Amino acid sequence: MTGRDGTTVEIAAPGGDAQLGRTVLSTLNAGHTTPGADSYAYYQGTSMATPHVAGIVSLMQSLKPTLTPAQITTFLQTTARAFPTGTI
């Protein structure tokens, strides 16, 4: 997530990197205008990282619905682990 000033990263989540052969398997539906068969595909990027963060936030709010956006951001930042050496 880009910081409010547009130059820093406030929080990051795994989104894959196709150049390294590391992508995220995602569930899909083959229907175009109506539901179709379930399917799967590998993707990368923010469309894969965002659901990780949204899922965690949803779980947090299910336990404590009164959390503010600032509290959520602070909790995510203080409990996240650093990137492993050599990954950025």
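Our subject is the structure that appears above.
So, a few notes on the structure that sits alongside this text. In this text, all values refer to a predicted model and were calculated from it rather than measured experimentally.

Scoring rules and cut-offs
Residues numbered from 1 in each chain as written. Predicted model: local features only at pLDDT ≥ 70, side-chain atom pairs only at ≥ 80, totals over all residues. Heavy atoms only, no water. Helix = DSSP H or I, 4+ residues; strand = E, 2+ residues; numbered from the N terminus. Rg over C-alpha atoms; globule rule 2.2 N^0.38 Å. Buried < 20%, exposed > 50% of the residue type's maximum accessible area, 1.4 Å probe, protein only. Contact = heavy atoms within 4.5 Å. Areas by Shrake-Rupley, 256 points an atom, 1.4 Å probe, with all protein chains shown as cover. Lys, Arg positive; Asp, Glu negative; His and termini not counted. Charge placed at Lys NZ, Arg CZ, Asp CG, Glu CD. Core = buried A, V, L, I, M, F, W, Y, C linked by side-chain atoms within 4.5 Å. Patch = residues over 30% accessible without salt bridge, like charges linked within 9 Å, V, L, I, M, F, W, Y side chains within 5 Å. Salt bridge = Lys/Arg side-chain N within 4 Å of Asp/Glu carboxyl O.

### Quick notes on the overall build of the protein chain
Piece 1. Per the secondary structure count, the protein chain includes 2 helices and 2 strands.
Piece 2. In the protein chain, the order of α-helices and β-strands from amino to carboxyl end is β-β-α-α.
Piece 3. Rg of the C-alpha trace for the protein chain: 16 Å, well past the compact-globule value of 12 Å for 88 residues, more than 25% over.
Piece 4. Taking all 88 residues of the protein chain together, 15% fall into the buried category.
Piece 5. Pairs at least 24 residues apart make up 31% of the contacts formed inside the protein chain by residues separated by at least 6 positions.
Piece 6. Within the structure as shown, the protein chain displays about 7000 Å² of accessible surface, and the carbon and sulfur contribution to it stands at 60%.
Piece 7. Taken together, the 4 basic and 4 acidic charged side chains of the protein chain have centroids lying 10 Å from each other.

### Notes on the nonpolar core
Piece 1. Grouped together as the largest cluster of nonpolar side chains are 6 residues: Ile11, Val57, Met60, Leu67, Ile72 and Leu76.
Piece 2. Listing elements by their share of this core, those giving two or more residues are helix 1 (46–63) and helix 2 (69–79).
Piece 3. Setting aside residues no more than four positions away along its own chain, Met60 makes contact with Leu67, Ile72, Phe75 and Leu76.

### Section: the environment of Ile56
Piece 1. As for its position among the elements, Ile56 is in helix 1.
Piece 2. Considering only alpha carbons, one finds Ile56 and Leu76, 20 residues apart in sequence, at a separation of 8.9 Å.

### Some thoughts on a nonpolar patch on the surface
Piece 1. On the surface, Leu25, Tyr40 and Tyr42 cluster together into a nonpolar patch covering about 400 Å² of accessible area.
Piece 2. Of note, Tyr42 is situated in strand 2 (residues 38–43).

### Side note on the environment of Leu20
Piece 1. Within the secondary structure, Leu20 is located in the segment before strand 1 (24–29).
Piece 2. With 32 residues separating them along the chain, Leu20 and His52 place their C-alpha atoms 20 Å apart.

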